[in-house]
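Commentary on secondary and tertiary structure
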Amino acid sequence: TKLILLDSLLQEIKMLKIRLISQLRNISNKSASNLPILTLFTKEDCQLCHEALEKLGSRREKVQLQEVDIAEAGNEEWYDKFKYEIPVFYLNKKFLCKNRIDLEKFDIELEKALST
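Residues numbered from 1 in each chain as written. Predicted model: local features only at pLDDT ≥ 70, side-chain atom pairs only at ≥ 80, totals over all residues. Heavy atoms only, no water.

1. A few points about the sheet that holds strand E2 (residues 64–69)
With respect to topology, 4 strands assemble into an open sheet ordered E2-E1-E3-E4, the strand pairing being mixed. Each edge of the sheet is formed by a strand with only one pairing partner; in this case those strands are E2 and strand E4 (94–98). On average, adjacent strands in this sheet sit at an angle of 25° to one another, irrespective of strand direction. For strand E1 (residues 37–42) and strand E3 (residues 88–91), the ladder comprises 4 bridges, and the chain directions are antiparallel. Bridge pairing in E3 places Phe 41 opposite Val 88. Along the sheet face, helix H2 (residues 47–56) touches E1, E2 and E3 and points at about 155° away from the line of E1. Contacts from helix H4 (residues 103–115) reach E1, E3 and E4 within the one sheet, and its direction differs from that of E4 by about 165°. (Pairing = 2+ DSSP bridges. Helix = DSSP H or I, 4+ residues; strand = E, 2+ residues; numbered from the N terminus. Axes fitted to C-alpha atoms, helices over the stretch in contact; angles between N-to-C directions. Contact = heavy atoms within 4.5 Å.)

2. Observations regarding the state of the cysteines
One pass over the full model with this rule turns up 1 disulfide. Note on cysteine connectivity: Cys 46 is disulfide-linked to Cys 49, with sulfurs 2.2 Å apart. Note on the Cys 46 and Cys 49 pair: the S-S dihedral is about 70°, so by sign convention the disulfide is right-handed. On the accessibility criterion, Cys 46 (8% relative accessible area) is buried. (Disulfide = S-S within 2.5 Å. Buried < 20%, exposed > 50% of the residue type's maximum accessible area, 1.4 Å probe, protein only.)

As structure tokens, then:
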């Protein structure tokens with residue numbers, strides 16, 4: 001009877017663990033979805049894009065980064081528009097900067113996005 005009781009307790013603990021992990025994932029997903037979206041228009045082997053992301057440093061934790069490879073099939077519109085301009089950044093679908101990351105402008109626009 002003690003073994004049955006222990007087994008029952010272990011099963012209950014496992015179920016509680018699964019529910020807790022699920023709840024934590026939901027919280028994490030909600031937190032990420034509440035962050036402003038920083039869109040980076042880039043392409044493979046874009047050194048300027050890598051440098052821009054490095055310059056952002058810990059600021060990246062305050063946004064949800066979305067990279068758009070302008071050279072991928074289906075992104076011809078972005079390729080035609082930005083092929084000589086990358087990196088190009090948008091914050092919440094609003095143009096931010098191009099050719100490099102403007103940290104001063106990023107900070108100002110991020111503060112506005114976080115306060116709304």
